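Chain and residue survey
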Amino acid sequence: MPDLGEIEAILLEDRTEEAIRLLEEYLSSAQVPSDRAYYLLGNAYRKKGDWQGAINNYLEAMEINPDSPAKNAYSIANDILDFYNKDMYNQ
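Since the model is a prediction, treat every value here as computed from it, not as a measurement.

1. Concerning unusual backbone geometry
Within the chain, D14 stands out as a residue other than glycine whose phi angle is a positive 65 degrees. Take D14: it is sitting in the loop between α1 (4-12) and α2 (16-29).

2. Some thoughts on helix α4 (residues 51-64)
For α4, which comprises 14 residues, the first-to-last C-alpha distance of 20 Å matches the rise-based estimate of 20 Å (1.5 Å per residue) to within 8%. Buried within α4 are the following residues: G53, A54, I55, N57, Y58, A61 and M62.

3. Some thoughts on the packing of α1 against α2
Viewed as axis vectors pointing N to C, α1 and α2 meet at an angle of 155 degrees, and their least axial separation amounts to 8 Å. When the axis of α1 is compared with that of α2, the two are roughly antiparallel. The interaxial crossing formed by α1 with α2 has left-handed handedness. From α1, L4, I7, I10 and L11 reach across to α2, where they touch T16, E18, A19, L22, L23 and Y26. Residues that form the contact of α1 with α2 fall into these classes: eight nonpolar, one polar and one charged.

4. Re the environment of S34
Relative to the helices and strands, S34 resides in the loop between α2 and α3 (35-48). Look at S34 and you get buried, because its relative accessible area is 12%. Each C-alpha atom of the pair S34 and L11 lies 17 Å from the other, and the pair is 23 residues apart in sequence. For S34, the side chain forms a polar contact with the main-chain nitrogen of A37, separated by 3.1 Å.

5. Some words on the side chain of T16
Following the sequence through the fold, T16 ends up in helix α2. Take T16: its relative accessible area is 13%, and that puts it in the buried class. Setting aside residues up to four positions removed in sequence, T16 forms contacts with L11, A44, K47 and K48.

Criteria and thresholds
Residues numbered from 1 in each chain as written. Predicted model: local features only at pLDDT ≥ 70, side-chain atom pairs only at ≥ 80, totals over all residues. Heavy atoms only, no water. Helix = DSSP H or I, 4+ residues; strand = E, 2+ residues; numbered from the N terminus. Expected span 1.5 Å × (residues − 1). Buried < 20%, exposed > 50% of the residue type's maximum accessible area, 1.4 Å probe, protein only. Axes fitted to C-alpha atoms, helices over the stretch in contact; angles between N-to-C directions. Parallel < 35°, antiparallel > 145°, perpendicular 65-115°, else oblique. Left-handed = near helix turned anticlockwise from the far one by under 90°. Contact = heavy atoms within 4.5 Å. Nonpolar A, V, L, I, M, F, W, Y, C, P; charged D, E, K, R; others polar. Polar contact = N/O pair within 3.5 Å; in protein donor to acceptor, adjacent residues only side chain to side chain.

Now the structure itself:
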């Protein structure tokens, strides 16, 4: 099983599906939940355009560590979704 640094490198190489699979395996086998793993999983789902998956994982990360970088990512994701949703209503 690759460590989180290796999985993050896979994600940065745009091997998103592989990163998601590895992160889900990592989280299912972890003794202690990892806010970083949930944050990376949120980023992977965001790359796929799965905003709900991204937000859910950012929330998991923030539950473990309120100061996680997921806090900022969650805020940005909500801002983006608010922007898109407003445009949909104004057509």
